[in-house]
Amino acid sequence: MKRPLPDNKSPINDKLRSLPAVDAILREPGVAGMMAQVPRRLLVEMAREALEVIRERISSEPDRYPDRQDIVAEAVELIRQKVVEKGERSLKPVINATGVVLHTNLGRARLSESARYAVMEAAGSYTNLELDLSSGTRGSRYQHVVKLLTMITGAEDGLVVNNNAAAVLVALSTLAKGREVIVSRGQLVEIGGSFRVPEVMQQSGAQLIEVGTTNKTYLRDYEQAVTEHTALLLKVHTSNYRIIGFTHETSIDELVALGERRGLPVMEDLGSGLLLNLQPWGLPEEPLVRDSVSAGADVVVFSGDKLLGGPQAGIIVGRREYIEPMKKNPLLRALRIDKLTLAALEATLREYLDPQQALENIPTLRMLTLPPEELRQRAETIGSHIRQGIEGVDDKLEIAVVPESSPVGGGAMPAREIPTFVVAIRHAAIPAMELAETLRRQNPPVLARVKEERLMLDPRTVSLEEIPRLVAALRRSMDKPN
Ligand SMILES: *Cc1c(COP(=O)(O)O)cnc(C)c1O
C-alpha cells in the first residue's frame, strides 16, 4: 500500500497537527490523578512517549483515531499502562511446575502458613526482638528459637545466622582461627557456585588440612594428621553429590571417639538440616540433625531453607562451651539473622513440636511426601482444567498424565529422583521449548520442564489455588503461536 504524501493538506498532517500538547494530556483527570503516586517529571516523559507512539500510529493508519477525544483517551491509556509496568515488582511470585521442591533459582523453600503469618506480623509491628519482657532489660534475639532448637535436636545450645555458609564461617572463625581443621578430601564440597569448603575455610582464618583421597578416607588418616596445631575435626555432608562404588567414609561416631581421645571438638556441616526421617515415605536416607547430635558431634550446622522447609537461615546447634564463644564473635554482627527471618524460623520450628503437624503444614515436607496416587489425581485435575479452559485449540493439543520423576533440588538427596505424575502436553503448532519460554514470560510466570518434545507440568509443586492461574497462563501462551 502506498502511503499518502506528507503535503500540508493531507489528512495525516491535519491529524498530527491536532495532537494534544503534553500539558493538555497531563491535565486530563486520568493522568492528573496519578500525580499523587508518580513524580511529575516521569509523567511528562511518559506523556511524550505516548504521544510519539500515537504519532507513529497515525502515520501508518490515518483513520485510526476518528476524533481528538480518541487520541486523548489513547494517550491516557498508554500512560496508565506504563505506570503499571513501572509499578510492577521485580521480585514476584512464580508458579513452579517443575516438581523440584527446593529449586534454588526459585527461592528454595516455600513457607508454611504460620511462618507467613509470623513474618507479616513481625513486619508491621514493633516486636520484643531484643527485649526480655519479664525483666524489661535487653534480651538476645536468639532467645526466640534456642529453646525450640534444643528441644527438637537434643542439643545443649543453639545459634542462628543469615545462612549455612555464614554458620560455617562463624563456627570456624571462632573455633579454629589461626589453627588447623582436618577435613576429608572426599568432602571438599562446592554448593551452587559460591560456597566452597576450602574458600570458606580460608576466609575464616583456619587452615585446611586435607586427608585421605577422594573416594576413601579412614579414621587413621585423620589420626595421623592431628598435631598440636589442630583445632577441629570437620565432617561435611556431601549433600549435592554422592561418591559411590569403591569408597570409605569415616563415620561421625568414629570422629567423635577420636576427638575425645585427643581432646578435639568435632563439627559436622549437614547442609540440608533434616529434622524428620522421611524414609517411610520412600525418600532416600539423609542424615538427621538429631542423630548427629546424639552421636556426640560438638557443633552441627545446617540450612534453614533446605529440607527443614523454613526461611533462609543458618542454624548452629551443639555444646554450650563451643556455641557461647560464637555469640561473642564480632563476625556475628555482620552475619546476624533479621527479625522477619527469625519470625518465620520460629514459626516453622514450632511446627516440628508435633511431627504429624510438621508433615502436614510445612510445604517442603508436604510436597516431598505426597502419595503418588494424590499426585496422579492432581495431574488429572490440572489436565481436565486445561481441556476445559482451552477449548477450540483442543484438536491441536495432546494432553496425557504420565509417570515421571523429579529431583528434590536445593542440593539435597542428589542420588535419587522421586516418582511423580506429570501432565505432558504437546501442541501441534508450537514446539514444547517455545511453549515453555512463553509460559515463563507470563504473569505470573510459569516454570515447567520439557522432555521428549513435550511440556511437563509436575503437580507436586503446584498448589491447588495456583491451578486456575496456571491454566490461564497456558491459554495465553497458546493464543499467539508466533
Ligand atoms: C547448602 C550447603 C551449604 C550452604 O548453605 P546455605 O544455607 O545455602 O548458605 C553449606 N554446606 C553444605 C554441606 C550444604 O549442603
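Numbering of residues starts from 1 in each chain and follows the order in which that chain's sequence is written. The predicted origin of the model limits local features to residues at a pLDDT of at least 70 and limits the giving and counting of side-chain atom pairs to 80 or more, whereas totals for whole chains, interfaces and linings rest on all residues. Each side-chain value is worked out from all heavy atoms of the structure, with water and hydrogens disregarded.

### Some remarks on the packing of helix H18 (residues 372-389) against helix H20 (residues 467-479)
Packing of H18 against H20 brings their axes to within 10 Å, and their N-to-C directions diverge by 45 degrees. With respect to H20, the axis of H18 lies oblique. Classified by chirality, the crossing of H20 by H18 is right-handed. Contacts between H18 and H20 involve Thr381, Ile382, His385, Ile386 and Gly389 from the former and Ile467, Leu470, Val471, Leu474 and Arg475 from the latter. Between N-to-C directions, angles cover 0 to 180 degrees, with each direction set by a line fitted to C-alpha atoms, over the stretch in contact for helices. Only DSSP runs of H or I reaching four residues or more are called helices, and only runs of E reaching two or more are called strands; each is numbered from the N terminus. In these notes the angle categories are as follows: under 35 degrees is roughly parallel, over 145 is roughly antiparallel, 65 to 115 is roughly perpendicular, and the rest is oblique. What makes a crossing left-handed is the near helix being turned counterclockwise from the far one by less than a right angle; a clockwise turn instead makes it right-handed. Residue contacts are defined here by distance: any two heavy atoms, one from each residue, within 4.5 Å place the two residues in contact.

### Quick word on the side chain of arginine 460
Mapping arginine 460 onto the fold places it in the loop between strand S17 (454-457) and H20. Only protein chains enter the accessibility calculation, which uses a 1.4 Å probe; a residue whose area is less than 20% of its type maximum is buried, one above 50% is exposed, and one in between is partly exposed. A positive count includes Lys and Arg, and a negative count includes Asp and Glu. His and the chain ends are not counted in either. Whenever a carboxyl oxygen of Asp or Glu lies within 4 Å of a side-chain nitrogen of Lys or Arg, that contact is scored as a salt bridge. As a buried residue without a salt bridge, arginine 460 has its nearest oppositely charged side chain in aspartate 458, at a separation of 4.8 Å. Those residues within four positions of arginine 460 in sequence are excluded, and the remaining contacts are Gly99, Val101, Met367, Leu368, Leu370, Leu375, Ser406, Ile418, Pro419 and Thr420.

### Some words on unusual backbone geometry
Omega for the bond connecting asparagine 443 with proline 444 falls within 30 degrees of zero, at 0 degrees, which places this linkage in the cis form. By the element assignment, proline 444 lies in the loop between helix H19 (432-440) and strand S15 (446-447). You will see that arginine 108, though not glycine, has its phi angle at about 55 degrees, which is positive. Along the chain, arginine 108 falls in the loop between strand S1 (95-96) and helix H6 (113-124). Although it is not a glycine, glutamate 453 adopts a positive phi angle of roughly 65 degrees. Looking at where glutamate 453 falls in the secondary structure, it is placed in the loop between strand S16 (449-451) and S17.

### Regarding the site of the ligand
Here a residue is considered near a molecule or strand provided that any single heavy atom belonging to it is located within 4 Å of it. Near the ligand you find 13 residues, and of these Ala165, Ser239, Asp269, Ser303 and Lys306 are the closest. Here asparagine 164 contributes a backbone N or O atom positioned 3.0 Å from an oxygen atom of the ligand. Under this definition, polar contacts are N or O atom pairs within 3.5 Å; protein pairs additionally need one hydrogen-donor-capable and one acceptor-capable atom, and for neighbouring residues in sequence, both atoms have to be side-chain atoms. Side-chain polar atom of aspartate 269 to a nitrogen atom of the ligand: 2.7 Å apart, as the coordinates give it. Grouping the constituent residues of the shell around the ligand by class yields four nonpolar, six polar and three charged. Following the grouping adopted for this structure description, the nonpolar residues are Ala, Val, Leu, Ile, Met, Phe, Trp, Tyr, Cys and Pro, the charged ones are Asp, Glu, Lys and Arg, and the polar ones are all others, Gly among them.

### Regarding the pattern of salt bridges
In this structure the tally under the stated criterion is 32 salt bridges. In this structure, glutamate 324 engages lysine 327 in a salt bridge whose closest nitrogen and oxygen atoms are separated by 3.9 Å. On the criterion of helical spacing, the pair formed by glutamate 324 and lysine 327 is a turn pair, its members being three residues apart in helix H13 (residues 320-327). Residue classification places glutamate 324 among the partly exposed positions, given a relative accessible area of 31%. Residues joined by salt bridges that share partners form a network here, namely Asp157, Arg320, Glu324, Lys327 and Lys328.

### What to know about the side chain of glutamate 286
Tracing the chain through its elements places glutamate 286 in the loop between strand S10 (266-271) and helix H12 (289-295). Within the structure, the side chain of glutamate 286 is placed 3.0 Å from the side chain of histidine 237, a separation counted as a polar contact. One polar contact links glutamate 286 to serine 272, side chain to side chain, over a distance of 3.5 Å. Look past the residues within four positions of glutamate 286 in its chain and what remains in contact with it is His237, Arg242, Ser272, Leu274, Leu307 and Met413.

### Digging into the sheet that holds strand S11 (residues 299-303)
At least two DSSP bridges between two strands are needed for those strands to be called paired. Read across the open sheet, the seven strands follow the order S4-S12-S11-S10-S9-S5-S8; overall the sheet is mixed. Each edge of the open sheet carries a strand with a single partner, namely strand S4 (157-161) and strand S8 (207-211). Averaged over all pairs of adjacent strands, the angle between strand axes in this sheet comes to 25 degrees, irrespective of strand direction. With five bridges joining them, S4 and strand S12 (residues 314-318) adopt antiparallel strand pairing. Directly across from glycine 158, in S12, lies its bridge partner valine 317. Relative to S4, H13 is tilted by about 35 degrees, and along the sheet it contacts S4, S11 and S12.

### With respect to the domain arrangement of the protein chain
Partitioning the protein chain into structural domains gives domain 1 (11-87), domain 2 (95-103 + 369-478) and domain 3 (113-361). Using only C-alpha atoms to locate each centre, domain 1 and domain 3 end up separated by 58 Å. As annotated, the domain borders come from an automatic or database domain assignment.

### Quick notes on helix H8 (residues 164-176)
Look at H8: 17 Å from first C-alpha to last across 13 residues, which is about the 18 Å you get at 1.5 Å a residue. The element H8 is largely enclosed, with a buried count of 11 among its 13 residues. Listing the buried residues of H8 in full gives Asn164, Ala166, Ala167, Val168, Leu169, Val170, Ala171, Leu172, Ser173, Leu175 and Ala176. Positive phi shows up at glycine 178, right after H8, with a value of about 75 degrees. To estimate how far a helix should reach, multiply one less than its number of residues by 1.5 Å.

### Overview of the packing of helix H7 (residues 143-153) against helix H15 (residues 339-351)
Running from N to C, H7 and H15 cross one another at 30 degrees; their axes reach a closest spacing of 10 Å. As the angle between them shows, H7 and H15 are arranged roughly parallel. Seen from above, H7 lies across H15 with left-handed handedness. Side by side, H7 and H15 meet where His144, Val145, Leu148, Leu149 and Ile152 of the first sit next to Leu342, Leu345, Glu346, Leu349 and Arg350 of the second. Classifying every residue of the contact of H7 with H15 gives seven nonpolar, one polar and two charged.

### Things to note about the sheet that holds strand S14 (residues 418-427)
Ordered by their spatial adjacency, four strands build an open sheet running S13-S14-S17-S16, and the pairing between neighbours is antiparallel. Sheet topology places strand S13 (397-406) and S16 at the edges, where each strand pairs with a single neighbour. Neighbour-to-neighbour, the strand axes of the sheet open up by a mean angle of 35 degrees, direction not taken into account. In this structure, S13 lies alongside S14, joined through 10 bridges in antiparallel fashion. Bridge assignment links isoleucine 399 to a residue of S14, and that residue is isoleucine 425. Its contacts with the sheet place H19 against S14, S16 and S17, and it is angled at close to 45 degrees to S17.

### A closer look at the pairing of S17
Along S17, one buried face is formed by Arg454 and Met456 and the opposite face, lined by Leu455 and Leu457, is buried too. Bridge count between S14 and S17: three bridges; the pairing is antiparallel. Each residue of the ladder has a partner; that of alanine 424, found in S17, is methionine 456. Examined bridge by bridge, S16 and S17 share three bridges and lie antiparallel to one another. Residue pairing for S17: arginine 449 is matched across the bridge by methionine 456.

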